[in-house]
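Observations on the model geometry
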Amino acid sequence: MPLPSFRPRLPFGRPLALASALAGAAAGLAPATALANGMPQLDFANPLTLDQIWWGAVIFVVFLLLSWRWGLPRVGSVLEERAGSIARDLDAARAAKADADKAAADVASATAAARAEAQGAINAALDTANAQAAAQNAALNARLEAQLAQAETQIAAARAAALGALRQVATDAAGTVVVRLTGSAADPARVDRAVAAALSGRGQPEGQRA
């Protein structure tokens, strides 16, 4: 808050008259014992002493006038300028603090938003990765199931082929053995039924039985 201007108002309309009144008052108040005690500066009967008093009063009045007209207004203006400068500095400091607080709040808000966005992106990436992994696992399981079914089919076909070849070999061997033992050819139908019965007892599939 600027300080009020300081301009003293003194009744200096007649400075010389005031000086004369002051000198007269000093002469009337001077004790008579001052002269007897060896104090010539208070001997107002001496014209030199009166001249010194008059000139001292004039100088004092001139000093007061100069101070009133020039010195004190300058001091007041300096104080006002200083108060205004302090007030402006305080306003600038308050504005800077408000800006700093707003910037800190903006930074905190941006940091929270960035953290939330990053967390959301991480969660989305994890969900996508999990979905891709699940799809890949499902595709891999389906491919393995298909390969396993194909392998089982191939194994069953190979087993059937092997059993078929084994039946033919067993039938031929049984026919040869009967010929060698009996000297006559065996009935192919009976040999085939016997071989089929023997193979079915060893776990031959139903489709291979005669």
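Residues numbered from 1 in each chain as written. Predicted model: local features only at pLDDT ≥ 70, side-chain atom pairs only at ≥ 80, totals over all residues. Heavy atoms only, no water.

With that settled, consider the overall build of the protein. Counting secondary structure elements, the protein contains four helices and zero strands. Secondary structure elements of the protein, listed N to C terminal, follow the sequence α-α-α-α. Within the protein, the proportion of its 210 residues that are buried is 11%. Restricting the contact set of the protein to residue pairs at least 6 apart, pairs at least 24 apart contribute 61%. Of the roughly 15700 Å² that the protein leaves accessible, carbon and sulfur atoms contribute 64%. (Helix = DSSP H or I, 4+ residues; strand = E, 2+ residues; numbered from the N terminus. Buried < 20%, exposed > 50% of the residue type's maximum accessible area, 1.4 Å probe, protein only. Contact = heavy atoms within 4.5 Å. Areas by Shrake-Rupley, 256 points an atom, 1.4 Å probe, with all protein chains shown as cover.)

Glancing now at the pattern of salt bridges. Inspection of every chain in the model, using the stated rule, returns three salt bridges. A salt bridge links aspartate 101 to lysine 97; its shortest N-O distance comes to 3.1 Å. Of this pair, aspartate 101 and lysine 97 both sit in helix H3 (residues 47-182), separated by four residues, roughly a single helical turn. With its nearest N and O atoms 3.2 Å apart, the salt bridge here joins aspartate 106 to lysine 102. Of this pair, aspartate 106 and lysine 102 both sit in helix H3, four residues apart, which is roughly one turn of the helix. Taking relative accessible area as the criterion, lysine 102 reaches 53% and is therefore assigned exposed. (Salt bridge = Lys/Arg side-chain N within 4 Å of Asp/Glu carboxyl O.)

Residue-level pLDDT values for the protein average 75, and 71% of them are 70 or greater. Across the protein, the element-wise mean pLDDT spans from 45 in helix H2 (residues 33-36) up to 87 in H3. Predicted confidence is poor over residues 1-16, with pLDDT under 50, and the contacts of this stretch with residues over four places away or in other chains come to 23 contacts. Between residues 29-36, whose pLDDT stays under 50, and residues either more than four places distant or in other chains, the model counts six contacts. (pLDDT = per-residue confidence, 0-100.)

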